[in-house]
Amino acid sequence: QVQLVESGGGLVQTGGSLRVSCAASGLTFSNYAMGWFRQAPGKEREFVAVISAGGGLSYYTDSAKGRFAISRSNAKNTVYLQMNSLVPEDTAVYYCAAYRSPFRISTTVTDYDPWGQGTQVTVSS
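Residues numbered from 1 in each chain as written. Predicted model: local features only at pLDDT ≥ 70, side-chain atom pairs only at ≥ 80, totals over all residues. Heavy atoms only, no water.

## Section: the sheet that holds strand β8 (residues 78-83)
Just so we agree on the cut-off: Here, a strand pair is defined by DSSP locating no fewer than two bridges between the strands. Numbered from the N terminus, helices here are DSSP runs of H or I no shorter than four residues, and strands are runs of E no shorter than two. Every axis corresponds to a line fitted to the C-alpha atoms, with the helix fit spanning only the stretch in contact, and the corresponding angles, defined between N-to-C directions, vary from 0 to 180 degrees.
With antiparallel pairing, the four strands of this open sheet are ordered in space as β1-β3-β8-β7. The open sheet terminates on both sides in strands that have one partner only, identified here as β1 (3-7) and β7 (68-73). Here the average twist between neighbouring strands, direction ignored, is 15°. Two strands pair when backbone bridges link them, and β1 and strand β3 (residues 18-25) are joined in this way by five bridges, in the antiparallel orientation. Note that in β3 the partner of Q3 across the bridge is S25.

Here it is as structure tokens:
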């Protein structure tokens, strides 16, 4: 059974930091690029960051560049998103997802399967 489980969300003040994690099971983790997406109330799910299967390539949405850092441990089957300098506009449910490609990355929601259940990140002003 393939499963992605996020953890580490919570409530933080503006300017604070959080690290969310996503533990994968039931798949060959090192064959998948891993992405983070988020969805705020009333908005569509949007791309945040992606890291390639081997960890050598990453890409961020413009609003995350310089503030967020994606990383992974293939030994632990886990991907992380370190979020710094958080602002209220970062408030959303954060989802991790897997893209089956050993070499490519994608920012497209429909390229990803499976998905985790999401973890809430709330940034207070």
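## Here we look at the sheet that holds strand β5 (residues 46-51)
Hydrogen bonds between backbone atoms are what pair the strands of a sheet, whose relative direction is either parallel or antiparallel. Pairing within the open sheet is mixed, and its six strands lie in the order β2-β10-β9-β4-β5-β6. The sheet is open, and its two borders are formed by β2 (10-13) and β6 (58-60), each paired with just one other strand. Along the sheet, successive strands turn relative to each other by an average axial angle of 25°, direction set aside. Judged from the three bridges that link them, strand β9 (residues 92-100) and strand β10 (residues 119-124) form a sheet pairing that is antiparallel. The residue of β10 that forms the bridge with A92 is V121.

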